[in-house]
Amino acid sequence: MLEKITIYYFWYFFSVLGGVIGVSVLTRYISPSDYAKLSLVIALATVIQYVVRDTHGIVLSKYSDQYEKVRQKLTLINTYLLIFSIVIAPIVFYFFIDENFFGVVHSILFWLLFFIVSLFESIFIAFKKRYKYVQHSNIFNWLRFLFALLLYVFYESTYVSLIIGYSIGSIVTIAFDYLTFDSPKNITNKSNKSNKSNKRILNINKVFIGSLLSWGILFFDRFLIEYYLGEEVLGGYFAVFQIGFMPIFLIYYSSMNLLMPYLLKNNIDSKQHAGKVFILIALSALFGYVIMQNLLPLLSNLLGEGYRRYIILLPNFLVYAILYSASNFFLLSFLAKTQDDTYLKYKSINIVGVLIFAIIGINFGSIEIFLDFLISFYILFLVLIYCQLTSIKNENIF
């Protein structure tokens, strides 16, 4: 078992490495302004990834032995998302990204391809296809950067080339997933056949709304920065985000890939271990910050010349990633106990609170202060969750 987990993390680390190397190479060729446009396209497309992957992943992980029971509701959600993509996405991309017709068309294509990529991800997570998920991540992370770079350098030096490259990487990943895929029906037949139909099932609509809020919580910052500080600052911010925040978040997500089916099927006792976990989180954030501060001169070489002045954000991003991932882990415990009302309440507190702190922070006109305000919010938010988890009889504190 230990050997399999070690191999899994090794290949997942290789996938993360592909992302870091991709950012390192791209920032040597791409202007911060074009990288900012790419970040906004990804942010808008990722709403599909979050809603599909998180909603499907959570529901199917918890009810993999009742696949037929939840399939109809999930199919309905997929239909709504496709209609939304076809009707709303063109308007959104036109006003938020670019008025260029071909830019809008390629952005929508990437949006739809991301939808399919996310469906495969959610199924691999839910039905414990861990090695398939790692293969999927490696192909997607390495090829999207490769094709984006080749098209930007040899075809046309615009952000549209980057989007086309990401789309080609998505197509290759989807083709690989499809050709090597076990259908959900076959996977379900191998799963536990115990009948749990008498137990209350999570309100899938609330999980869906929670996933939508998760997207807003993580990606709203790009639109604020672009509006208040401009595209060049956003491009630098996004580059450091990808090498400072995403590796930590992906380690968390890979761990959830391993643990989510177990955690959601069992009534995990968050209260019993909350204190120790919070101490571990605090120590990880503190030591991570100190180490990153000392490595900044070396790590600045990861970025192209036009981005290096933003490397000072790296320690803040690492702390932000640890606190953000920790809050997501604890919120998952509410779904494990089928407390979808509590889950949705804390997601709502999360997005309202982080928006207030972010808007106050961005008005100082400094990207460093902006990140400090985000970190401050997550410290307070984790204290709030800790009070909830350790309260008497685990009752709501509101």
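None of the values given here were measured: they were computed from a predicted structure.

**Points about the overall build of the protein**
So, point 1. Helix and strand content of the protein: 15 helices and zero strands.
So, point 2. The buried share of the protein, reckoned over its 398 residues, is 56%.
So, point 3. Sequence separation of at least 24 residues holds for 82% of the intrachain contacts in the protein that already meet a minimum separation of 6.
So, point 4. Of the roughly 17600 Å² of accessible surface on the protein, a fraction of 68% belongs to carbon and sulfur atoms.

**Structural notes on the packing of aromatic side chains**
So, point 1. Within this structure, the stated rule accounts for 25 aromatic pairs.
So, point 2. Between the aromatic rings of Tyr378 and Phe381, the centroid separation amounts to 6.3 Å while the plane-to-plane angle is 85°, which identifies the pairing as edge-to-face. Here Tyr378 and its partner Phe381 are both found in helix 15 (residues 367-390), three residues apart, which amounts to about one turn of the helix. A single burial state applies to Tyr378 and to Phe381, both of which are buried.
So, point 3. Stacked on the ring of Phe241, the Lys or Arg Arg222 has its end atom at 5.1 Å from the ring centre.

**Details of the confidence of the model for the protein**
So, point 1. Taken over all residues, the pLDDT of the protein has a mean of 78, while the share at 70 or more is 72%.
So, point 2. Confidence drops under a pLDDT of 50 for residues 186-198, and excluding neighbours within four residues, the segment shows 18 contacts in the predicted structure.
So, point 3. Counting interchain partners and residues more than four positions distant, the pLDDT-below-50 stretch residues 392-398 has 19 contacts.

**Side note on the environment of Asp341**
So, point 1. Along the chain, Asp341 falls in helix 14 (residues 340-362).
So, point 2. Residue Asp341 is classed as partly exposed on the basis of its relative accessible area, which comes to 48%.

**Observations regarding the environment of Phe238**
So, point 1. The residue Phe238 is located in helix 10 (residues 231-244) in this model.
So, point 2. According to the relative accessible area criterion, Phe238 is buried, its value standing at 2%.
So, point 3. As for Phe238 and Ser39, which are separated by 199 residues in sequence, their C-alpha atoms are 6.6 Å apart.
So, point 4. Among all residues touching Phe238, those that are not within four sequence positions of it are Tyr35, Ser39, Ile42 and Arg222.

**So, the packing of helix 14 against helix 15**
So, point 1. Contact pair helix 14 / helix 15: the axes reach a minimum separation of 8 Å and the direction vectors enclose 155°. In this view, helix 14 runs roughly antiparallel relative to helix 15, as classed from their interaxial angle. When you trace helix 14 past helix 15, the crossing you get is right-handed. Residues Thr342, Tyr346, Ile349, Asn350, Gly353, Val354, Phe357, Ala358, Ile360, Gly361 and Ile362 of helix 14 form the contact with helix 15, whose own contacting residues are Ile369, Phe370, Phe373, Leu374, Ser376, Phe377, Tyr378, Leu380, Phe381, Leu384, Ile385 and Gln388.

**Things to note about the pattern of salt bridges**
So, point 1. All told, the structure shown has three salt bridges when counted by the stated rule.
So, point 2. The residue Glu305 makes a salt bridge to Arg308 at a minimum N-O spacing of 3.2 Å.
So, point 3. Note on Glu305: relative accessible area 65%, which makes it exposed.

**Looking at a nonpolar patch on the surface**
So, point 1. Where nonpolar side chains cluster on the molecular surface, the patch consists of Ile7, Phe10, Trp11, Phe13, Phe14, Leu17, Ile21 and Tyr131 and spans about 730 Å² of accessible area.
So, point 2. It is helix 1 (residues 2-26) that contributes the most residues to the nonpolar patch, seven residues altogether.

**With respect to the side chain of Ser325**
So, point 1. With respect to the helices, strands and loops of the structure, Ser325 is situated in helix 13 (residues 314-336).
So, point 2. Classification of Ser325 as buried rests on a relative accessible area of 5%.
So, point 3. Setting aside residues up to four positions removed in sequence, Ser325 forms contacts with Ile248, Phe249 and Tyr252.

Rules used in this analysis
- Residues numbered from 1 in each chain as written.
- Predicted model: local features only at pLDDT ≥ 70, side-chain atom pairs only at ≥ 80, totals over all residues.
- Heavy atoms only, no water.
- Helix = DSSP H or I, 4+ residues; strand = E, 2+ residues; numbered from the N terminus.
- Buried < 20%, exposed > 50% of the residue type's maximum accessible area, 1.4 Å probe, protein only.
- Contact = heavy atoms within 4.5 Å.
- Areas by Shrake-Rupley, 256 points an atom, 1.4 Å probe, with all protein chains shown as cover.
- Phe/Tyr/Trp six-rings, centres within 6.5 Å; stacked < 30°, edge-to-face > 60°.
- Lys NZ or Arg CZ within 6 Å of the ring centre and 35° of its normal.
- pLDDT = per-residue confidence, 0-100.
- Axes fitted to C-alpha atoms, helices over the stretch in contact; angles between N-to-C directions.
- Parallel < 35°, antiparallel > 145°, perpendicular 65-115°, else oblique.
- Left-handed = near helix turned anticlockwise from the far one by under 90°.
- Salt bridge = Lys/Arg side-chain N within 4 Å of Asp/Glu carboxyl O.
- Patch = residues over 30% accessible without salt bridge, like charges linked within 9 Å, V, L, I, M, F, W, Y side chains within 5 Å.

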